[in-house]
Structures are given as structure tokens and as C-alpha cells.
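# Descriptive structure summary
Next come the chains, spelled out residue by residue.
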Amino acid sequence: MFLSAHFVAGCHGSFRVFTLIEMRMRGNILIAHYLKLILFILPAILLSCNKDDVISAGGAVPVVVLENEYGVYTVKVGQELTISPEFANCDDGDIYWSIDGDIVARGPQFTCSWNEIGEVYITLTAENDYGATVEELRVDILELTPPVISLRLPDSGLQLLSGADYTFIPDIQHSDLPDFSVTWSVDGVEVCDEKTFTFNSTILGVHHIVIVASNSDGEATLDFDLEVVDTLPYSIRFMPVSYSYNNLTRYTFPGRTVYLRPVLSDFKNPVYSWRVDGKDVDCKDGMFCFTPSQPGRYRISVTAEETDLRSASRACSRLTTGISRTSAAAVAEVEVVCVDATEESRRRPHSATSLSSFDKIYEWIPAPGQFINQSVMAGSESSHADAVAWAEKRLSRGEDISLGAFGGYVVVGFDHSVAASGAEYDFVVRGNSFDMNNGIQCSNEPGIVWVMQDVNGNGLPDDQWYQLRGSEDDSENTVRDYAVTYYRPAAPGMSVQWTDNLGNEGTVDYIRAFHSQAYYYPQWIEEDAYTLYGTRLASRNYFDSTSGLWQNPPYAWGYADNVGSDSVDGLEGQCTGFKISNAMQPDGSSVELEYIDFVKIQVAVQTKSGNLGELSTEVLGIYDFNMLDR
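Structure report, in brief.

Quick notes on the rules
- Numbering of residues begins from 1 in every chain and follows the order in which that chain's sequence is written.
- For a predicted model such as this one, the threshold for reporting local features is a pLDDT of at least 70, and the threshold for listing and counting side-chain atom pairs is 80 or more; totals across whole chains, interfaces and linings nevertheless cover every residue.
- Based on all heavy atoms of the structure, the side-chain values leave hydrogens and waters out of the count.
- Put simply, a salt bridge is a Lys or Arg side-chain nitrogen that is within 4 Å of an Asp or Glu carboxyl oxygen.
- Starting at the N terminus, helices and strands are each numbered in turn, a helix being any DSSP run of H or I of at least four residues and a strand any DSSP run of E of at least two.
- Any residue under 20% of the maximum accessible area for its type is buried, any over 50% is exposed, and the rest in between are partly exposed; the area is computed with a 1.4 Å probe on protein chains only.
- Throughout, nonpolar core names a set of buried Ala, Val, Leu, Ile, Met, Phe, Trp, Tyr and Cys residues whose side chains join them through atoms within 4.5 Å.
- Polar contacts, as counted here, are pairs of nitrogen or oxygen atoms within 3.5 Å of one another; within protein the pair requires one atom able to donate a hydrogen and one able to accept it, and residues that are adjacent in sequence qualify only if both atoms are side-chain atoms.
- To estimate how far a helix should extend, the number of its residues minus one is multiplied by 1.5 Å.
- Contacts between residues were defined by any pair of non-hydrogen atoms, one from each residue, lying within 4.5 Å.
- One requirement defines pairing of two strands: DSSP has to find at least two bridges between them.
- Lines fitted to C-alpha atoms define the axes, with helix axes restricted to the stretch in contact, and inter-axis angles between N-to-C directions lie between 0 and 180 degrees.
- In summary, the pairing rule links any two rings of Phe, Tyr or Trp, Trp by its six-membered ring, whose centres are within 6.5 Å, and it sorts them by plane angle into stacked for under 30 degrees, edge-to-face for over 60 and tilted for everything else.
- We count a charge as sitting over a ring when the NZ of a lysine or the CZ of an arginine lies within 6 Å of the ring centre and within 35 degrees of the ring normal.

## Points about the pattern of salt bridges
Applying the stated criterion across every chain yields a total of 19 salt bridges. Measuring nitrogen to oxygen at the nearest pair gives 3.5 Å for the salt bridge that ties Arg299 to Glu333. Of the two residues, Arg299 is situated in strand 28 (residues 296-306) and Glu333 in strand 31 (residues 328-338); the sequence distance between them amounts to 34 residues. Note that Arg397 is salt-bridged to Glu399, the shortest N-O span being 3.0 Å. Owing to a relative accessible area of 52%, Arg397 belongs among the exposed residues under this scheme. Residue class for Glu399 comes out partly exposed when judged on its relative accessible area of 29%. Look at the salt bridges and you will find they share partners, linking Arg394, Arg397, Glu399 and Asp400 into a network.

## Considerations on the nonpolar core
If you look at the biggest cluster of nonpolar residues, it comprises 68 residues, and the most contacted ones within it are Ile361, Trp364, Val410, Phe427, Tyr486, Ile601 and Ile622. Among the elements that line this core, the one with the most residues is strand 34 (residues 409-419), at six residues. One finds Ile149, Leu153, Phe168 and Ile172 within the second-largest nonpolar core, a separate group that totals 23 residues.

## Concerning the environment of Tyr486
Within the element layout of this structure, Tyr486 appears in strand 40 (residues 479-487). For the pair Tyr486 and Trp498, spaced 12 residues apart in sequence, the C-alpha to C-alpha distance is 4.5 Å. Separated by 2.7 Å, the side chain of Tyr486 and the backbone oxygen of Phe406 make a polar contact.

## Here we look at helix 4 (residues 384-396)
Between its terminal C-alpha atoms helix 4 stretches 18 Å, which fits the 18 Å expected from 13 residues at 1.5 Å a residue. For helix 4, the elements touching its buried residues are strand 32 (360-365), strand 33 (401-402), strand 49 (618-619) and strand 50 (621-624). Backbone geometry just after helix 4 places Gly398 at a positive phi near 80 degrees.

## A closer look at unusual backbone geometry
In the Ramachandran plot, Asn89 falls in the positive-phi region, its phi being about 65 degrees despite a non-glycine side chain. As for its placement among the helices and strands, Asn89 is situated in the loop between strand 6 (86-88) and strand 7 (94-99). Here the phi dihedral of Asp100 falls at roughly 55 degrees; this positive angle occurs in a residue that is not glycine. Checked against the element boundaries, Asp100 lands in the loop between strand 7 and strand 8 (102-106).

## Structural notes on the side chain of Ser242
Following the sequence through the fold, Ser242 ends up in the loop between strand 21 (235-237) and strand 22 (250-252). Classification of Ser242 by relative accessible area gives buried; the value is 10%. Not counting residues within four places of it along the chain, the set of residues in contact with Ser242 comprises Glu363 and Tyr409.

## Some points on the sheet that holds strand 11 (residues 131-142)
The strand order 4-11-10-7-8 describes an open sheet built from five strands, whose pairing is mixed. Looking at which strands have only one partner, the edges of the open sheet turn out to be strand 4 (72-76) and strand 8. Strand-to-strand twist across the sheet, computed as the mean angle between neighbouring axes with direction ignored, equals 30 degrees. Examined bridge by bridge, strand 4 and strand 11 share five bridges and lie parallel to one another. Counterpart to Val75 in the pairing with strand 11 is Ile141.

## Some thoughts on the packing of aromatic side chains
In total, this model carries 22 aromatic pairs according to the counting rule given. Considering the side-chain rings of Tyr486 and Tyr530, the 5.9 Å spacing of their centres and the 40 degrees angle between planes classify their relative orientation as tilted. Remark: Tyr530 occurs in strand 43 (residues 529-536) and Tyr486 occurs in strand 40; sequence separation between them is 44 residues. In this structure Tyr486 comes out as buried when scored by relative accessible area, which is 0%. The exposure class assigned to Tyr530 is buried, which follows from its relative accessible area of 3%. Sitting over the face of the ring of Trp450, Lys600 holds its NZ or CZ atom 4.9 Å from the ring centroid.

## With respect to the sheet that holds strand 38 (residues 447-452)
Spatially, six strands are ordered 32-34-48-38-39-47 in an open sheet, and the strand pairing comes out antiparallel. Strands at the two margins of the open sheet, each flanked by one partner only, are strand 32 and strand 47 (583-584). Direction of pairing for strand 38 relative to strand 39 (residues 466-468): antiparallel, over a ladder of two bridges. Residue pairing in the sheet places Trp450 in a bridge with Gln467 of strand 39.

Okay, here's the thing in C-alpha cells:
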């Protein structure tokens, strides 16, 4: 949102206001304004909406940022005007300025003067091998040049934290003329007579701000509202182990490193500081690697401070161009427990009565999807325990359970520790994917696999999850620390809305023709919104116009419900083999595990295939590979 006050000389020495609408409707200013928006927004759209998160081959067109956001300039008759935009992607390009179709200057700066009152339209063109950006500018040549005040406010409105300093630095043209002055008023009370104004209030609610600037040629006024609030969404926190096991404690063995990476909200340029048991440590990164050598409990805290890293001389953070605030900070704490045990002492060896299959589902937290709440049709599944019992029955019969859209997962455990055997695979996951069925269709809905040891020995999956490496881990299109929030629909038969931590939004579509249960939002989730976290792969699905079918090509290896090079022959159905040696820390480094006790399978893509709906990993079984009869 832009606010601008623009006054120009009129007849008989009076002054007339040109409103924002008038300015935009004069000449081609409206077109130029929208062209500018498109050029700035287009790269973000391509990055967030391209189906495979890949921009087509080519380079970036020039970007032009005008110092005056409307492209309207004023100058007195006989005085020089210099226009100096900022440019990007123009190092090897050409910049030129045209009036009435004739090029009048080349280069990044334009200087000129005029001897008659009137309007002049200037076309600024910046071009390179990949395209051109054009800005239409207007210069008003005036007998008088009163101030022009511009201040950009956040599009969502201006909320300021109670008791914090916020500095306003508006752009005021013609402040160099004689008799220039400026005043600031808050709720009708004059509070400042400088161009820069620092606002600080503990009075909650809406406040009205008025800026009045004047010089020897006239006066301009700009006013806007802001709201003082007692809290802002700046936060830093450590994620719980899972939806059901929401403890923040991290367990480890002596000598094994714990990687701690908090999740931030609203910070733009965070600076981190870490402490162990109240003492500062030498770490300024967003991830802290802590390796306890002795058993015990360690209290780890992290502080994130929002600062403007572009200006080391002041601790401030920019809200928008022209508005900055003093530093904001948030603190989070987590406990690391180094258990008084060895890895070998926690191992549960298999016996003659051990099952080759998993023996228990601990969590089934799917994302919304067309296969969710199917058991509601039969009158069950009103709690998480009911949902888990239903899922266990299906898997025991060799039937599938769906994990819904991105982030949905299931956690299972074995009645023994599954060893890192050094064999071809350590465990397998059965899915229902296929590759080129009858030579015309493929369907792969990849699920990322995580593993956990029962480090604390309590028999529950509340320790540390390690992701297993897959073929897409080194891809620039793979998004780590991805989060999607799903919202309960207001009525039956409605699609499920979602937003993610990258600013995207979408729906899990309700498909009445195939699955007509009232809601695709899991009935046993009590909250009206819940968030799922994980690693997102770029989707590969596409519509094949030749066959008239949606195709879901496979990924190379490392994912459940996917026909990759790690598919295991000789077993019932489609099975994918996994190696415990592929377990990795959050930074991608390997972690050596002698065995695992729990497995989590989680949907890895956020996409849908037309009227077939969302891509959803399906699971039909998880087995200790070395206990199977093959």
C-alpha cells in the first residue's frame, strides 16, 4: 500500500490536489504501474507455482526500481531534474530514455531542465538478451514546486509493538527549497518537527498520524493510521517430536551429536546466540551441534534477534522502505538428555517369536485427503485411538492406508530392534505404486522414510527422528523444513484449504464422484487447524494428452510407494527396500545407527492430478527384510 500527497500550482495562485486516481489515469502511468508490479511479482510466481519448481531455460529480464514509486516527478521551470532509478540484471544490457519516440539519453541517470510549464512524458527502457522492462514517467514542469510526501506502508496494515521504537523516514521531494518545514502529529497532538520521526507508544489501539510539509512554494499533507499491539508474531521455538508426542526433550547417547534447529516466525534477518546451562557458546548459526560426553541433563537456549544486517551502525529492522524498528528478539529453550546407557544396551534382539512385520501403529496423522474418514461411514473413528485401531486392522489384512496430502504420516514400531545388517536392505515398505501399467500409465506417490531408536528406553517413539537419504536430497528443488497448515472446512462436502510457510495456498479438493464422506479433514483431529512439517520433493505428475491420463513418474530411489531402483522383487506387491545406513542428520551428514526401533513414512509432495485429486502415499505393510522368507 502506498500513500502519497502531491500538490501542484493552479490558477490564481491557489493549489490543487492531484489524487492517486488522477495521477494513475494521466497518460500511461496506470499501465506502467501494473507493468512494474508484474515484473517484480512474476519471478516469485514462477518459483512458487511452477509445477516442478523449475523456471524455464533463460535469464532474468531487467528490473527497474524508481525512487518515486508512482513515476511522477515535479520540477520548476529552468531548474534541473535528475532521475536516478536502481537497476538489476542490466550489467550487459542497454538503458535509454525517450521523449515522443526519440532517444534523448542513454545510461542509468537522466538529467534535464525545461523552460515552459507543462507535462512531459518520458519512456525509460532497460533491456538485455532476455527481454526489456519499460517504465512510463511523467514530469510536471511547474511555476511552483511544493513538497511531495511519499511513505510506503505494509500491504497488510501497520501494527507496531507496544513500547518499541519505530522510525519513519518518508521521501519528501523539494525539501531543499527555502522555508522548508515539517511537522508530525499523533492523534491531533504535534510531536515532532523533523523529517525523521521515531514513534513509541504503550497505548494500545489505533492512532492517527499526520505529516505536514511546507516550503516557499506550498504545503502537502499525508495521514495514515497505525495500530499499537501488545504482541507481534515474532517467535522462535523447537518443534515437538510429532503431533501426538509433543515433548521438546531430545535424547542422545554419550558422544552422539544432537543437531538443534529452531523454527522462526516473522524474522527476516535473524542473528542467533546460543547458551548451554546459562553459559554462552561460540555459535551464531541457526543450527547448533551439541555433543555431550557425559550422561546428564543439559538446558540449551537460543535467542534470535531481528536486525538490519545492511546497516551495522544501527540495530534496526526495516518493515518497509522508510519504516524501521529497533531490534526484536525471541527466546526458545530445549532440554537435551544424555542417557546413562550405551546404544548396545538399548537394543532389543529378535527372538524365535519375533514378528517379521511391525507389531504396532503408534500414530496415524494423515493430511486431509479423499481416502480419509472412510471408516466414519461405518460409525467408527472418532478419536486417534479409534483411527489407529482401524488402520492396524487394514494393514493386518494386507489393505492400504492413505496418508492424505503433503506431510501426512504413519509411525510404526517392531517387537524387536531392526538391525543395520549390512545386507542388501534392512527393512521394506509395501505400497501400491506401479510403473507403466499396460505400457500406458505410471503412478508413484513418494513417501519419505524416517527412522528412530528408542534411546530413552520407554518403548515410545518420542526420541530423535532421522530422515533416510533419497535420490532427491541434492536437488535444488527439494524444500527442507517445509510446513503446511490445513484448515477444517466450514460445512460438509467442502474442499480443505491450506497455506504453507512459503506464502503459498491451495486446496485438497473434495471429489464427490469418488469419495462422498462428509469431510476429508481427519475427524480425530480436534483442532480446527493443524500443521505438518517435513521435507517436500518437487512433484512430477503431468497430464498426458496422448493417453488422456494423468502420469506420476517414479523417483530414482529412496522413497516408499515408488517404483525406483530399490524395488524388491520376489515379495508380494510393490515393495521398496531401505538401508539404515542412509540415516542422516538435519545438515545432511550421515549418522551411524546400529539398529532402529521405529519407522515413520510421510507424504513427500504437495500436488494433485486433476479430477483424481491429491497425490497421497499409501502403505500396505512394513517388514524386517532379514526376517522375511524369500
